[in-house]
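# Tertiary structure, described
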Amino acid sequence: MTAEVRRAAEILRAGGLVAFPTETVYGLGADASNPKAVARLYAVKGRPSDHPVIVHFDSFERALAWAREVPDEARTLAKKFWPGPLTLILKRSDAAKDFVTGGQPSVGIRVPSHPVAQALLAAFGGGVAAPSANRFGHVSPTTAAHVRGDLGSDVDLVLDGGPTEVGIESTIVDLSGADAVLLRPGRISRAEIEKLVKLKEKTGSSPRHSGGLERHYSPRTPARMVPTHQLDKEIAKLGDKVAVLAFSRPDERVDFWLRMPREPQAYAQKLYAALRELDGAGCELILVEAPPEAPEWAAVRDRLMRACREG
Ligand code: TXA
Ligand code: MG
């Protein structure tokens, strides 16, 4: 273990905030058992206090100690996908207090696979509450520079693990009720989950989660998704006022054009950095070429739809 990770664990123990890389996005970590530390975390994020956070652990055993009445489905999914980009919502044990669950009877738990996250969580030895390390509602950070740009000196330490590999937030499966529900799509797809656990469609009454808010994961510049065949028409109309995120080759009428991969995992890895870059171009609108309707694009489509929703 490096000296910096040791220092980070000490900061967490003292009630401080440490941003750290996970395989999905950077998290802003606080001791999940310390109400003051978690209160500061919410204040820095600008997050409503009734909005639950995910608690991170280094191991299956430590994670499951925060849940009770753990169903077989949860053990099956945890065995298959942990450590990795999966969050499970389970009935909470006494370890999970109201200040991390937003007062709900359930808790979100995850064992990330990133080596720096693993080292930090092992050195700390307990649960670390960690939302994505951005201000509430903004695009999640996939590099240490994004975190510093968003949070500045409000965070005590940023562990730099380079750009994250998955690029979008973990898949969330709610197993706290009678039926298993996919709350947020991610790198681990609905199909992969359904090989092991039967999922029910999400209903309006599923628990609160930011994936359910109207506008989220958003750049500050308005963004609009357009089908491929309309891209040209929109560019002709708006010309140099637009920035474009597309699969096709740059159009010379547009100054800010980012070309994205045609493979969904590679697209996801680049997505948030691309939105941040186009956001910084100072244009009036970000035009996003719609990705394919195929199921392997579900997670990318979900994030793009949120980014394009007007708030
Ligand atoms: O990949 C990720 O999940 C990243 C990294 C840092 O682990 N974290 C992340 O956290 O995306 P955050 O706070 O930005 O999103 C957590 C989501 C929210 O939509 C939250 O409402 C939901 O998880 N959540 C947490 N606990 C919950 C619970 N008990 N019931 C329902 N949803 C819950
Ligand atoms: Mg977030």
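This write-up is about the structure you can find in this document.

Reading the values: rules and limits
Residues numbered from 1 in each chain as written. Chains lettered and ligands numbered in written order. Predicted model: local features only at pLDDT ≥ 70, side-chain atom pairs only at ≥ 80, totals over all residues. Heavy atoms only, no water. 1 Å grid on protein atoms, 1.4 Å probe; cavity = no way out; pocket = protein on both sides within 12 Å on 5 of 7 lines; lining within 4 Å. Points joined across faces, edges and corners; volume = space filled by probe spheres on them. Helix = DSSP H or I, 4+ residues; strand = E, 2+ residues; numbered from the N terminus. Nonpolar A, V, L, I, M, F, W, Y, C, P; charged D, E, K, R; others polar. Pairing = 2+ DSSP bridges. Axes fitted to C-alpha atoms, helices over the stretch in contact; angles between N-to-C directions. Contact = heavy atoms within 4.5 Å. Buried < 20%, exposed > 50% of the residue type's maximum accessible area, 1.4 Å probe, protein only. Arc of directions from axis to C-beta.

### Regarding the layout of surface pockets
Looking at the largest pocket, its volume works out to about 460 Å³. Taken together, 22 residues line the largest pocket, and the ones lying closest to its centre are P185, S189, P295, A298 and A299. Elements supplying a minimum of two residues to the lining of the largest pocket: β9 (180–184), α8 (190–194), α10 (264–279) and α11 (298–308). Of the residues that constitute the lining of the largest pocket, the class distribution is twelve nonpolar, three polar and seven charged. Reported here for the second largest pocket is a volume of approximately 210 Å³. Within the lining of the second largest pocket, the residues separate by chemical class into six nonpolar, two polar and seven charged.

### So, the sheet that holds strand β14 (residues 285–289)
The strand order across the open sheet built from four strands is β11-β14-β12-β13, with neighbouring strands paired in parallel fashion. Sheet topology places β11 (223–226) and β13 (256–259) at the edges, where each strand pairs with a single neighbour. In this sheet, adjacent strand axes meet at a mean angle of 20° when their direction is disregarded. Relative to β14, β11 runs parallel, the two sharing four bridges. By the bridge assignment for β14, R224 is matched with L287. Running at roughly 130° to β11, α11 makes contact with β11, β12 (242–246) and β14 of the sheet.

### Concerning helix α2 (residues 35–45)
Of the residues making up α2, those classed as buried are A37, V38, L41, Y42, V44 and K45. Viewed along the axis of α2, the buried residues span an arc of 165°, placing them on a single side of the element. α2 presents K36 and A43 as exposed residues on the side facing more than 90 degrees away from its buried surface. For α2, the elements touching its buried residues are β2 (26–31), α5 (98–101), β6 (128–129) and α7 (144–151).

### What about the pairing of strand β4 (residues 86–91)?
Within β4, five of the six residues are buried, leaving the element largely enclosed by the surrounding structure. Across four bridges, β4 lies against strand β8 (residues 171–174) in parallel orientation. Each residue of the ladder has a partner; that of L88, found in β8, is V173.

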